[in-house]
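Commentary on secondary and tertiary structure
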Amino acid sequence: MNRTALYPGSFDPITTGHVHIVERALPLFDHIVVAIGSNTQKKCRFPLEQRLRWIEAAFSQYKNVEVATYEGLTTDFCHEHHIDYLLRGVRSTTDYAYEEQLGAINRLIAPNVETVILMAAPEYTAISSTMVRELLAFGHDVRAYLPPAIRNEFD
Ligand code: ADP
């Protein structure tokens, strides 16, 4: 059995919260593909190349974590790459409501792709890319919320 999960997101930027989800999912899967979906209307603060490079740096010590980008539907990417699991994280009931909708649609259009949701650990529930961007805008030190490998870029 070779279990691969796709962890899709914007990662604008990747945070310690994202990293924690992947690290906790590693014992459950043989491979995890962390993928930036660049299809949505969402306007990102950081360029795609930079977000990609930061994800690569964050997981460089893990041989079974790969990084990718895709356009189009997440489930199409799963089918093209023979990926059977979608990994997501929830921090709150708001996150849950969103993931419930997303999971339902994905199940309708791709019933063979199973969504696996991990609950954020309490110490990570307040950490989000949005919060990091907001703090950065006001010149606040955000290094504690970023993966150690990229902290020096935010000195
Ligand atoms: P999206 O734009 O698809 O929501 P994000 O990059 O914001 O992409 O998040 C990707 C996934 O990681 C989502 O399932 C989100 O809920 C989850 N996530 C983000 N931050 C955390 C965190 N601190 N703890 C747990 N899960 C998180």
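Now for a look at the structure at hand.

The rules we used
- Residues numbered from 1 in each chain as written.
- Predicted model: local features only at pLDDT ≥ 70, side-chain atom pairs only at ≥ 80, totals over all residues.
- Heavy atoms only, no water.
- Salt bridge = Lys/Arg side-chain N within 4 Å of Asp/Glu carboxyl O.
- Helix = DSSP H or I, 4+ residues; strand = E, 2+ residues; numbered from the N terminus.
- Buried < 20%, exposed > 50% of the residue type's maximum accessible area, 1.4 Å probe, protein only.
- 1 Å grid on protein atoms, 1.4 Å probe; cavity = no way out; pocket = protein on both sides within 12 Å on 5 of 7 lines; lining within 4 Å.
- Points joined across faces, edges and corners; volume = space filled by probe spheres on them.
- Nonpolar A, V, L, I, M, F, W, Y, C, P; charged D, E, K, R; others polar.

To continue, consider the pattern of salt bridges. Counting across every chain of the model gives seven salt bridges. Between Arg133 and Asp12 there is a salt bridge, with the nearest N and O atoms lying 3.5 Å from each other. Of the two residues, Arg133 sits in helix α5 (residues 129-137) while Asp12 sits in the loop between β1 (4-9) and α1 (16-25), which places them 121 residues apart along the sequence. Taking relative accessible area as the criterion, Asp12 reaches 3% and is therefore assigned buried. The partner of Arg107 in a salt bridge is Glu114, with the nearest N and O atoms 3.1 Å apart. By relative accessible area, which is 42% here, Arg107 ends up partly exposed. Taken together, the shared-partner salt bridges connect Asp141, Arg143 and Asp155 into one network.

In this structure, the largest pocket spans a volume of roughly 1,000 Å³. Considering the residues around the largest pocket, the lining is formed by 43 residues, among which Gly9, Ser10, Lys42, Arg88 and Tyr98 are closest to the centre. Those elements that place two or more of their residues in the lining of the largest pocket are β1, α1, β4 (85-90), α4 (93-109) and α5. For the lining of the largest pocket, the element with the highest residue contribution is α4, accounting for seven residues. When grouped by side-chain class, the residues that make up the lining of the largest pocket number 15 nonpolar, 19 polar and nine charged.

Keep in mind these numbers describe shape, not what the thing actually does.
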